[in-house]
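In case you want the letters, here they are:
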Number of protein chains: 2
Amino acid sequence: MRLSTKGRYGVHAMFDLAMHSGDAAIALKSVAQRENISEKYLEHLFANLKKAGLIHSVRGAQGGYRLARPPEEITLGDIIRVLEGPVAPAECKAEAGGNEDCHSSSSCAMRSIWCRIRDEINSILDNITLAEVVEEQRKRSGQGYMFHI
Amino acid sequence: MRLSTKGRYGVHAMFDLAMHSGDAAIALKSVAQRENISEKYLEHLFANLKKAGLIHSVRGAQGGYRLARPPEEITLGDIIRVLEGPVAPAECKAEAGGNEDCHSSSSCAMRSIWCRIRDEINSILDNITLAEVVEEQRKRSGQGYMFHI
DNA sequence: GATAAACCTAGCGGATTAGCAGGATTTTTC
DNA sequence: GAAAAATCCTGCTAATCCGCTAGGTTTATC
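These remarks concern the structure in this document.

The rules we used
- Residues numbered from 1 in each chain as written.
- Chains lettered and ligands numbered in written order.
- Predicted model: local features only at pLDDT ≥ 70, side-chain atom pairs only at ≥ 80, totals over all residues.
- Heavy atoms only, no water.
- Helix = DSSP H or I, 4+ residues; strand = E, 2+ residues; numbered from the N terminus.
- Buried < 20%, exposed > 50% of the residue type's maximum accessible area, 1.4 Å probe, protein only.
- Contact = heavy atoms within 4.5 Å.
- Areas by Shrake-Rupley, 256 points an atom, 1.4 Å probe, with all protein chains shown as cover.
- Phe/Tyr/Trp six-rings, centres within 6.5 Å; stacked < 30°, edge-to-face > 60°.
- Near = heavy atom within 4 Å.
- Polar contact = N/O pair within 3.5 Å; in protein donor to acceptor, adjacent residues only side chain to side chain.
- Nonpolar A, V, L, I, M, F, W, Y, C, P; charged D, E, K, R; others polar.
- Pairing = 2+ DSSP bridges.
- Salt bridge = Lys/Arg side-chain N within 4 Å of Asp/Glu carboxyl O.

1. What to know about the overall build of chain A
Here comes step 1: Tallying secondary structure elements over chain A gives six helices and two strands in all.
Here comes step 2: For chain A, the succession of helices and strands along the chain, N to C, is α-α-α-β-β-α-α-α.
Here comes step 3: Across the 149 residues of chain A, 50% fall into the buried class.
Here comes step 4: The contacts in chain A between residues at least 6 apart in sequence include a share of 63% that link residues at least 24 apart.
Here comes step 5: With an accessible surface of roughly 7,200 Å², chain A has 48% of that area assigned to carbon and sulfur atoms.

Structure representation (structure tokens):
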């Protein structure tokens, strides 16, 4: 029940784009350096984030990446679901049709429980936007205890 | 961000023990059959659950397993943490000491965010007991729509 | 045209997952 | 006491995923 580095790196990278957003596009290289992520690995993640429409890219020299939407409209849930697949503790097959065969005697009760858990976790992740994280970070560095907790 | 079968099977098996608890110990074999889990695989899971003190075992013929505590006192969080390891989206290293080196520029703000998420997810899982699931299941089968949603 | 960047495809070592095999041990039952 | 029923234990394996690297192609800027 833990994120792989995909989700973690992805969120950090998106946060980095949000922090450094301005006129110019931001090179993958600089994100990778600041966030201490393998450049080549980050390429793959950005490819997926782009395909999912969360970021835009600019090719060629002086090119780079940009958030596709303002940070207020991008949640951690958006990012994590793209990079890690659907956030669900177990398959909530019930959604699809309804009358599927329950192989295990407990699956009926459990199914609704798993769905409940899934919804609650998604709701947590969907209620944290990049903007919030940026604000949190600005607050911290403003108060002078960046790099410490 | 999904459970492996370990956690899922584990919860189902524990639920099964809760459902069928009585005087006699419950054989692994019957749990495996009812919940449609490989017997040999379930052995491993039960070994861990036993080591963690969530179940007791009775050896020999007519032996089997029993919950170590009443279903009201066993949460899904208990089970999942035993079988899947700590539930945390990312390492919350901040807990340990404090002044560790932040390798990435965003880790400070993110660290507290990850911890917040971790705590909320754990709280979800710790607020669902086996007793609740059993009650849910009884309600369902009582109302005659077992095997359907 | 040189350079800087995104883009693309492929592979690879290691870890984890899900499960199987085969026995050893303990207890009950006949 | 023998057989059976169960837990316990150790090790193996095929498949998959993870994190990362490699090496090139395309597109834009200077």
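2. Quick notes on the packing of aromatic side chains
All names here are of chain A.
Here comes step 1: Taken as a whole, this structure holds four aromatic pairs over all chains when the rule is applied.
Here comes step 2: Measuring from centroid to centroid gives 5.9 Å for tyrosine 9 and tyrosine 41, while their planes differ by 80 degrees, and the two rings are edge-to-face. One end of the pair, tyrosine 9, is in helix α1 (residues 5-19); the other, tyrosine 41, is in helix α3 (residues 39-51), and 32 residues separate them in sequence.
Here comes step 3: Accessibility expressed as a relative area gives 29% for tyrosine 41, which makes it partly exposed.

3. Observations concerning unusual backbone geometry
Where the residue is not glycine, phi is negative for most of them; where a peptide bond is considered, it is trans in most cases.
All names here are of chain A.
Here comes step 1: The residue glutamine 62 is not glycine, and still its phi comes out positive at about 65 degrees.
Here comes step 2: Residue position: glutamine 62 is located in the loop between β1 (55-58) and β2 (64-67).
Here comes step 3: By relative accessible area, which is 74% here, glutamine 62 ends up exposed.

4. Topic: the protein's contact with DNA strand D
Here comes step 1: Around DNA strand D sit 25 residues in total, of which A:Lys40, B:Leu28, B:Glu43, B:Lys50 and B:Ser57 are the nearest.
Here comes step 2: Each atom of DNA strand D within 4 Å of the protein belongs either to a base or to sugar and phosphate, the latter forming 58%.
Here comes step 3: Between DNA strand D and A:Ser38 there is a distance of 3.0 Å, counted from a phosphate oxygen to a side-chain nitrogen or oxygen.
Here comes step 4: In this structure, a phosphate oxygen belonging to DNA strand D sits 2.7 Å away from a main-chain N or O atom of B:Leu28.
Here comes step 5: Elements with a minimum of two residues in the surface near DNA strand D: α1 and α3 of chain A together with α3 (39-51), β1 (55-58) and β2 (64-67) of chain B.
Here comes step 6: When residues in the surface near DNA strand D are grouped by element, the largest group, four residues, is from α3(B).
Here comes step 7: For the surface near DNA strand D, the per-class residue count stands at eight nonpolar, 10 polar and seven charged.

5. Quick word on the pairing of β2(A)
All names here are of chain A.
Here comes step 1: One ladder, built from four bridges, connects β1 with β2; its direction is antiparallel. Bridge pairing links isoleucine 55 to leucine 67 in β2.
Here comes step 2: Adjacent in sequence and paired antiparallel, β1 and β2 are bridged by five residues, among which glycine 60 carries a positive phi angle near 80 degrees.

6. So, the protein's contact with DNA strand C
Here comes step 1: Looking at DNA strand C, there are 25 residues lining it, with A:Leu28, A:Lys50, A:Ser57, A:Tyr65 and B:Lys40 nearest.
Here comes step 2: Close to the protein, within 4 Å, the atoms of DNA strand C belong to sugar or phosphate groups at a rate of 61%.
Here comes step 3: A distance of 3.5 Å separates a base nitrogen of DNA strand C from a polar atom in the side chain of A:Arg59.
Here comes step 4: Here A:Tyr65 contributes a side-chain N or O atom positioned 2.8 Å from a phosphate oxygen of DNA strand C.

7. Quick notes on the pattern of salt bridges
Here comes step 1: This structure, assessed with the given rule, holds 18 salt bridges over all chains.
Here comes step 2: Between A:Arg34 and A:Asp16 there is a salt bridge; the shortest N-O distance is 2.7 Å. Highlighted residues: A:Arg34 in helix α2 (residues 28-35) and A:Asp16 in helix α1, separated in sequence by 18 residues.
Here comes step 3: Under the relative-accessibility criterion, A:Arg34 is labelled partly exposed at 27%.
Here comes step 4: Residue A:Asp16 is classed as buried on the basis of its relative accessible area, which comes to 0%.
Here comes step 5: For B:Asp78, the salt bridge is made with B:Arg69, and the minimal N-O distance between the two is 3.4 Å.
Here comes step 6: Residue classification places B:Arg69 among the partly exposed residues on the basis of a relative accessible area of 30%.
Here comes step 7: Several salt bridges converge on common partners, so that one network encompasses A:Arg69, A:Asp78, A:Arg81 and A:Asp126.

8. Examining the environment of B:Leu130
Residue and element names in this part refer to chain B.
Here comes step 1: When you line up the elements, leucine 130 lands in helix α6 (residues 130-142).
Here comes step 2: Between the alpha carbons of leucine 130 and isoleucine 79 there is a distance of 9.9 Å; along the sequence they are 51 residues apart.
Here comes step 3: With sequence-adjacent residues up to four places away left out, leucine 130 is seen in contact with Met14, Phe15, Ala18, Leu67, Pro71, Ile74, Leu76 and Ile79.

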